Every structure is written in C-alpha cells, then in structure tokens.
Amino acid sequence: MKNQISFYLHSSRFRLLLLIYLFVTGVSLLTRVVLLIYSSHEIDCTVGNVIGIFFIGFLYDIISAGYFTIPIVLYLWFMPEKFFKHKIHYIVLYLLFVVSCIVLLVNAAAEFFFWEEFSSRFNFIAVDYLVYTTEVLGNINQSYPIEWIITVIALISVLATFVLRKFLVIDPNDKSIRLKQRTTPAALVLTFPVFCFFFIDNTLHFFSNNAYANELAGNGMYELFAAYRNNELDFVKFYPHITDREAVVNVKKLIGGSAEKKMDDYSLVHEVPSSGEEKKMNVVLISVESLSAEYMGLFGNDQGLTPFLDSLSQHSLTFTNVYATGTRTVRGLEALSLSVPPTPGQSIVRRPNNEGLFTLATVFHQKGYACKYIYGGYGYFDNMSYYFGNNGYEVIDRSALDDDEIDYENIWGIADENLFTLSLREIDQTVDSGKQVFAHIMTTSNHRPFTYPAGRIDIPSHTSRAGAVKYTDYALCKFFHEARKKKWFENTIFVVTADHCASSAGKTELPIKKYQIPLLIFSPGKILPQHEDRLMSQIDIAPTLLGLLNFSYTSKFYGYDIFKLKKGNERAFISTYQALGLLEGDTM
C-alpha cells in the first residue's frame, strides 16, 4: 500500500492535483492572514481565538480544495494515457494551472473587497449579488482599478506556472497507469468532498464570542456555496419553534387581534381606531440608502456630514432610538411597506408569491390616495418593480428620465438630486390631477463606488462613504428647498429615514448600534417639533405615520403606533440572514 501511494504521488499524472491542492490551501491561508492583519483592531487575539482561526480555518481550506479540484480529478481520471503523454498536452496542463491560479487569486481579491465592505466572508449577500451581475460587476468596475488588478493576477499566475513548470511536465518514462489503476486513487480523492458534503456544514467556525474570529475561521469559497445551498431556510428544521396555533394566539394578543376567535382562525386582521378628524395630507417617505444614525451630528458625529438633516431634526418630530430590521435594502423596504418583523432567509420583497399583500399603500388606496414607489436605479433590481407593482404602488425608476435630465449616474442609479427632481414632477402631476399622493422615494447615491456630480460638496467624488453621505444631505436640502415652492408643501408630511445602516459588522454577531437609523417626520405647522427617545422598530414607522394622520383602518401590520403603545412595551427587531434579535429595553 505504501509503495502504491508513493507511486501515485510521484506520477506526473497526479502531480497537478497535488500542486493545486497546495495552491488552494496556500492562497486561503494567505487570505486569512491578510484579513486578520486588516481587522486586527476588532479581534480579541487570545490564544484560543488564534488557534481556532487557523486550525478550523485550515480544515475548511482543505475541504474547499477538495471541492475545487473535483473537475481536475475527473479530468486526470478519464484522460486516455496516449493523449496524456503527448507533447501537446503540456499546453493543456499549463493552461489548466494558469486558469486555476487566476480563479483562486480573483476569489482572494474579491474576498478582501467583500470583507472591506461587509466585514464578513462571502454570505447570502454575495449570493444575491450574483443574480444581478450587471449592477454588481459594474459596481466593482467603478469602485476599483479592476484592469490593473486582473493584469497583476494574470502576471502572477503566469509567473507561478513558469516557476513550477518542471512539476507540470509529463515524464515520458513514467509507467503507464491504466484506467482501472487510476480509478482507485481518483475514487478515494473524490470520497473526501462527498463525505464533507453530507457530514460537515458551515457551522463549525462559530467557535468564539468574537464575530470577526468566527468569520476568519471560515473559508470564502466554502461559505459562498454554503450560502447558495441554504438560501431558503427550513424554519422548522433550523429554529426552535412552538405550534402555529400557539403562535397565532400569542401574536394576536401582541398586535391587537382577537385571541378569542376559533383556534383554526389564523387571521391576524385587527381594527385600528383613531379619534379626531382624519388628516388627508400628502405623504412623502424618503428611505435613504445606508444612512446610519452615526453619520449625523444629532447622534454625535463631528465630521459635519449632514448639516441639512441636523438642522431639519430641530424642526421635526425626531426619533432618536430607532433600529432597522436588517442589513440590506430589501429588508428595509419590507419593514417600511409591510410592517412585519424580519424572518430567516430572504426578504419578502424577493420571495415568490409576494403579490396582493397588505402594505402601507393598501391603506392609502383605501383613503383615495395615489401611491408611487420612486427609485433611482432600475426597478428590476432586487425584484422591486414586481413587488411594489403587485402590491398597490405605481413604480417609477430611472428610465422615466431622459438622458439630458441626468447630471450624473453610476451603475446603481442616477444622482439623488435627479431622483428628487423626478419625484417632484411625479408629485406635481398627481396633485394636479386632484388626488392626494403617497410617494415612497428610495435613493441610491450613498453606495459604493460613492460617486456623485462634481462641485456639489467639499469632498471629491469617489473618495469615501463620508462624501456620499454629505452629497445625499446636499441633495435632500435641494429637494426640500424646491418642495417649499410647491402648492402642496403645506399639506404634506415628509418622512426621512434609512433602509439600513452602512455596516452591520461588529465584534458580536448582532451589534445593536450598527442597526440604529434616524427617523425625522417633518410638517411645519402640522406636526410639532420634538425629540422622542422611546425604543422603536423600523416596522413601527408605518403605523406611527398613519396614527399621526388620525387614520382608522383595518390592519394586518405587526408594528405599533409608538404614541398609542403603553410605555414599557417597546421592542425592536434586528437580523442578519440567519440570526434574529429581539431588543427589549437594554436587553437583546
């Protein structure tokens, strides 16, 4: 047996396999070291954490190498001996090794940039982004010197192939290995990834209380495919739960539905009464891309990034203790339109069978409003057009503007100032038709590559998120300045909030401060300025807004009108794709 193993290892046929195995684990180790150095200030570098990062990480690196080399094993297994020893096959082996090197190094570079943005290995977000290759590849191209990166990677791959060429050369004196003889070693090598597929998952690297250490102990390639496999989670399989009947009774008590109805009645419909005359005011809800509370002076920022919003907060009903439900735009849109807590896996905005739901637009339609969703990008992204279009909204996106109406655009969308110009036009048209309008505006400028029209602010475009935040603040200032000139301004409520925060990374899996978002409700002469510091969830925004309008309606919302909620019953929900957090008081 020992002689057989030595024979296969020294055979030129299987040297390529060994070489790529070593290259996969070597690149993975180097990536881990670079990410460790890059995030060293966030990691508790205890002996246990360091051992876990590298020991568990090496296990996942070996598993990833097993998956990565499956096509190569099959190639080496079935390639006839006659062609394998032909000189022309040298070129094939060289190309195979060069391509493998390029793929591994591109993956390593992508991991670094993903980590820079999300402080995480590849996850569900990466899987989502693979669906929208136009936007994602465009974003990468606009954000990084991609031509130089690819050139350097290609040169390194060619150089590595040249240095290792002797190991790739086929020795014509090698003893021929017949197909039957090749079957045993090939089958043994393939057994390893097959075993790992069925018996090892991506939970082993959650060994520490430090989220960064856990992420470093993983492997990017492995996590990407694990996220793809688990993109739809079986709730019953993965999460502790009670029976559906128990859950319905409990939820009805919490949201105001009748718990005395028949046990087989799963309806969560409940009446929301309001005293006083209904206020038929226009409503403009602006959800700003990645507007973390920490960027505003109101919350202690001293960079002067949001002078307009900080000023507006002094004239608004300003909420200072609000938390987003998730880490992506679709999760924020779900919370704002549906008023539902986050669920494991994908947002409802992107789930199948999401038509005809009870949304904020449903209530406004019942009151005679025209409802619009106005987006700075193309509405097909993240299924926005389909979701909003099938749930009571008219969808307007960047395609509604002619080229000469756009001052600037990047892969994600038009500049915010152009989006707001489009929004003013749409609101004007609706009001002129004799209807009240509910307009939900979703911005895009505060997103990598952080580019915007030149000359607007004192931070050059394409430098940092700080510049993008300041530009969005500039665009909001311009929007409100123009809105003040409109005949509908005095009969309008403006709501400014965020879809989610810029980053959700922290030392813990669910760092609470990384979910805090601003909420400003502005209507001079109609809503008194004050600061409200009660704990509030993003899903409470819709019911609270409707409460300010004195609307009575039949509801399916899970959120609360914060001004009708008994003090002490406040709570907020935060989440990643798999982890769910319930915040009550100072306890999560």
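So, how was this worked out
Residues numbered from 1 in each chain as written. Predicted model: local features only at pLDDT ≥ 70, side-chain atom pairs only at ≥ 80, totals over all residues. Heavy atoms only, no water. Salt bridge = Lys/Arg side-chain N within 4 Å of Asp/Glu carboxyl O. Helix = DSSP H or I, 4+ residues; strand = E, 2+ residues; numbered from the N terminus. Phe/Tyr/Trp six-rings, centres within 6.5 Å; stacked < 30°, edge-to-face > 60°. Buried < 20%, exposed > 50% of the residue type's maximum accessible area, 1.4 Å probe, protein only. Lys NZ or Arg CZ within 6 Å of the ring centre and 35° of its normal. Pairing = 2+ DSSP bridges.

(A) Broad picture of the pattern of salt bridges. A full pass over the atoms with the stated rule returns 21 salt bridges. In this structure, the salt-bridge partner of Glu405 is Arg425, at a minimum N-O distance of 2.7 Å. You can see Glu405 sitting in the loop between β5 (394-396) and α20 (416-432) and its partner Arg425 sitting in helix α20, a full 20 residues away along the chain. One connected set of salt bridges, linked through shared partners, spans Asp407, Glu417, Arg456 and Lys478.

(B) Just the packing of aromatic side chains, in detail. One pass over the full model with this rule turns up 38 aromatic pairs. Ring centres of Phe494 and Phe522 lie 6.4 Å apart, and the angle between their planes is 40°; on these two criteria the pair is classed as tilted. Of this pair, Phe494 sits in strand β7 (residues 492-498) while Phe522 sits in strand β8 (residues 516-522), and the two are 28 residues apart along the sequence. Summarising the burial analysis for this pair, Phe494 and Phe522 share the class buried. Three or more aromatic residues joined by ring pairs form one cluster here, namely Phe364, Tyr369, Tyr373, Tyr375, Tyr387, Phe388, Tyr393, Phe438 and Phe551. The ring of Phe162 has Arg165 lying over it, and the distance from NZ or CZ to the ring centre is 4.1 Å. One cation-aromatic arrangement involves Lys367 over Phe551; the distance from NZ or CZ to the ring centre is 5.3 Å.

(C) Layout of the pairing of strand β12 (residues 572-575). Across the two faces of β12 the burial is the same, with Ala572 and Ile574 and Phe573 and Ser575 all buried. Note: β12 against strand β13 (residues 580-583), 4 bridges, orientation antiparallel. When the bridges of β13 are listed, Ser575 appears paired with Leu580. Where β12 hands over to β13, the hairpin turn is made up of 4 residues, counted between the paired strands.

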